[in-house]
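Listed below are the residues making up each chain.
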Amino acid sequence: TPNAGYWCGSHVQGGGAFTYTIPSGMRINASVFPHSPYANLDGAVVQAWRSGHWSSWMFEVDAAQSDAGRGKLVFARGGFQGGRGGVAGSEVVIENVFEELDAPGEWFYNVSTRLLYYVANDTAADSIDNLRFEATNLAVLFNYSGTQNQVLRGVTLRDTQYTYMDAH
């Protein structure tokens, strides 16, 4: 098994293939992120649509190299999702920054203090004291290997760990 997908290799061919490139960062301003500048970028992730909206990229923000006050975000890693690279994205969203907590169901995890901030839904029947938070640390829940003739049906996976930033 190769350690990278076909489109991430340096010798792809056919179908309009090109050497895989991705943005290394971005400039931000209040028109794109109205709650910026951000005080703490540790653990921040930028999600950007590819042009044409046929896939999206996810990038971890390099908090040490970024300067949110000057509108500069530097990406630490990511951008390998979606099969092909490019030099620019389209619409973007930033997650896991405290200043963006503005809607029910959103959360922010402060990496340095290890505190989870959560915006509760005001219409929920239960109070915040009765909510239960669960986290997983398993990247692989189970592994099923078979052939196309072996069909697996009726399986539902939920509450799984995010793996979109894992190497593929």
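Just above sits the structure.
What you are looking at is a predicted structure, and each value in this text was computed from that prediction instead of being measured. (Residues numbered from 1 in each chain as written. Predicted model: local features only at pLDDT ≥ 70, side-chain atom pairs only at ≥ 80, totals over all residues. Heavy atoms only, no water.)

1. What to know about the pairing of strand 4 (residues 72–78)
Note that strand 1 (residues 25–27) and strand 4 share three bridges and pair antiparallel. Residue pairing across strands places Arg27 opposite Lys72, the latter belonging to strand 4. In terms of strand pairing, strand 3 (residues 56–61) meets strand 4 through three bridges, oriented antiparallel. Paired with Glu60 across the bridge in strand 4 is Arg77. (Pairing = 2+ DSSP bridges. Helix = DSSP H or I, 4+ residues; strand = E, 2+ residues; numbered from the N terminus.)

2. Some details on the packing of aromatic side chains
Throughout the structure, instances matching the rule amount to six aromatic pairs. Measuring from centroid to centroid gives 4.1 Å for Phe59 and Phe75, while their planes differ by 10°, and the two rings are stacked. Within this pair, whereas Phe59 is found in strand 3, its partner Phe75 is found in strand 4, the two being separated by 16 residues in sequence. Residue classification places Phe59 among the buried residues on the basis of a relative accessible area of 2%. Exposure remark for Phe75: the relative accessible area of 11% places this residue in the buried category. Ring centres of Phe98 and Tyr117 lie 5.2 Å apart, and the angle between their planes is 75°; on these two criteria the pair is classed as edge-to-face. Placement of the pair is Phe98 in the loop between strand 5 (89–95) and strand 6 (107–110) and Tyr117 in strand 7 (residues 115–118), with a sequence separation of 19 residues. Tyr117 sits in the partly exposed class, given a relative accessible area of 31%. Within the aromatic cluster, the residues linked to one another by ring pairs are Trp57, Phe59 and Phe75. (Phe/Tyr/Trp six-rings, centres within 6.5 Å; stacked < 30°, edge-to-face > 60°. Buried < 20%, exposed > 50% of the residue type's maximum accessible area, 1.4 Å probe, protein only.)

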